[in-house]
Amino acid sequence: MKNAILLLFMCVFPFAFAQEFVWQSLPLGGGGFLTGIVAHPAQKDLIYARTDVGGVYKYRPAADENERPYWQQLMNWVPVEHMQLWSCDGIALNPFDVNEVYALLGQYLWNGFPSGVYKSNDQGKTWRQLYETKCGGNENNRWIGEAIAVQPADGGKVIIAGTRQEGVIRSEDGGNTWSKVPSIAPDSEGLGVRCVVFDPENPSYVYAVDSYRVYRSEDAGRTFTVILNDKAMRQAVVTSEGRLYVTTKDGIFSGNRGETPVRLSGLAINSDLKDINAITVDIHNPKHLVVAEQNGGF
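Q: Outline the overall build of the chain, listing residues and values.
A: From N to C terminus, the chain includes two helices and 22 strands. Within the chain, contacts between residues separated by at least 24 positions form 44% of all contacts whose residues are at least 6 apart in sequence. A total accessible area of about 15,900 Å² is found for the chain, and carbon and sulfur atoms account for 53% of it.

Q: Mind laying out the pairing of strand β14 (residues 206-209), listing which residues take part and the relevant values?
A: Residues Val 206 and Ala 208 of β14 are buried on one face, and the alternating residues Tyr 207 and Val 209, pointing to the opposite face, are buried as well. Relative to β14, strand β13 (residues 195-198) is paired through four bridges, and the arrangement is antiparallel. Along β14, the bridge assignment pairs Val 196 with Ala 208. The hairpin formed by β14 and strand β15 (residues 213-217) contains three residues between the paired strands.

Q: Lay out the packing of aromatic side chains in plain terms, naming residues and giving numbers.
A: One pair of aromatic rings is described through two measures. These are the centre distance and the angle between the planes. On inspection of all chains with the given rule, the structure shows four aromatic pairs. Taking 5.2 Å as the distance between ring centres and 20° as the angle between the ring planes, the aromatic pair formed by Tyr 108 and Trp 110 counts as stacked. The partly exposed category is assigned to Tyr 108, whose relative accessible area is 23%. Seen from their ring centres, Tyr 131 and Trp 178 are 6.1 Å apart, and the 50° between their planes marks the pair as tilted. Taken together, the residues Tyr 131 in strand β8 (residues 128-132) and Trp 178 in the loop between β11 (168-171) and β12 (179-181) connect sequence positions 47 residues apart. Comparing Tyr 131 with Trp 178 shows no difference in burial state: the two are buried.

Q: I'd like a rundown of a nonpolar patch on the surface, residues and numbers included.
A: There is a patch of nonpolar side chains on the surface, built from Leu 34, Ile 37 and Trp 71 and spanning about 310 Å² of accessible area. By secondary structure assignment, the location of Trp 71 is in strand β4 (residues 70-73). Classification of Trp 71 as partly exposed rests on a relative accessible area of 39%.

Reading guide: rules and limits
- Residues numbered from 1 in each chain as written.
- Predicted model: local features only at pLDDT ≥ 70, side-chain atom pairs only at ≥ 80, totals over all residues.
- Heavy atoms only, no water.
- Helix = DSSP H or I, 4+ residues; strand = E, 2+ residues; numbered from the N terminus.
- Contact = heavy atoms within 4.5 Å.
- Areas by Shrake-Rupley, 256 points an atom, 1.4 Å probe, with all protein chains shown as cover.
- Buried < 20%, exposed > 50% of the residue type's maximum accessible area, 1.4 Å probe, protein only.
- Pairing = 2+ DSSP bridges.
- Phe/Tyr/Trp six-rings, centres within 6.5 Å; stacked < 30°, edge-to-face > 60°.
- Patch = residues over 30% accessible without salt bridge, like charges linked within 9 Å, V, L, I, M, F, W, Y side chains within 5 Å.
- Salt bridge = Lys/Arg side-chain N within 4 Å of Asp/Glu carboxyl O.

See the structure below:
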C-alpha cells in the first residue's frame, strides 16, 4: 500500500523531482580573522579582503539604491580537500591593470597540500598557481602587512614576495618566472618576511620587513641591505613623498628616502602607546597617518 501511494505521488507531482536548485553563498556574519584589506589605487571601490581561514573577498558596491553592498567570496572554486587555500597570507594588486590580483595562498607550513603564489587576471574569478612555496595564512604574524607587492613602474611586471621559509622571491615578467633574492636569508622559524612595500615616487626603492629587521633595496629588489635591527617589527608604509614609516613594539620609526629610520618622538598620541601594529597614510595628504595598537585602539 505504501509503495502504491509513493508511486501515485511521483506521477501526480513529477515536477518536484525535476526541479533545478540554485546554490549561493550564505553570509554568516562571522567566522575567521580578517587579516588584510587592499584597495586598488586607480579604481574606486575595487577592494579586496583576506582572511586566515575564510578565503579572499572582493567588495561589491551597490548597483542602485535598492541594493546593498556586499563582499563576494572568491575562493568557491577550491574543493574541500584543498581547503588550505582558503587561507591567504598576502594580497597585491597591479596598479596598471585593474584585473590583475596576486595572492599568497596556504594555511600551514607543516602540511603537504598545494600552496604558494597565485594570480588572477580577471579580478578573482579564476586563479592559477605561479610558484610553489609554503604559506601560513593561519600561522603567527599573519596580520602584519602584505607580504607581496607589485612595482608601480613599467606596467607592473616586477613582483616581490616575502615567503615564510625561503626569504624573498622576485619576478620580472608578471609572475611567470621567479628567482630567490640571496641577500635575505630564509627563516628557520617560519615567520619570514611579512611586509613588502615600494616607494611610489621612486619605484627602484623597495622595503622588506621581517620580525626583526627592515631591509631596503635601491635596485627594485635585486639586492637588499639591513637599515633597522631588533625592534620587533610590525608594518611599513611609504608616503607619496618617499618617507618610510615602520611600526614596532617600541614605537614608530621613520626616515626619508635613503636615510636610516629613527624613532619618532613628540607624537600627538598617548605617550604610553608603543606596541603599534597597523599603519596607513592618506594618499592625498602624506602627513596624515592613522595607526593602531597591537591590542588596543586607533
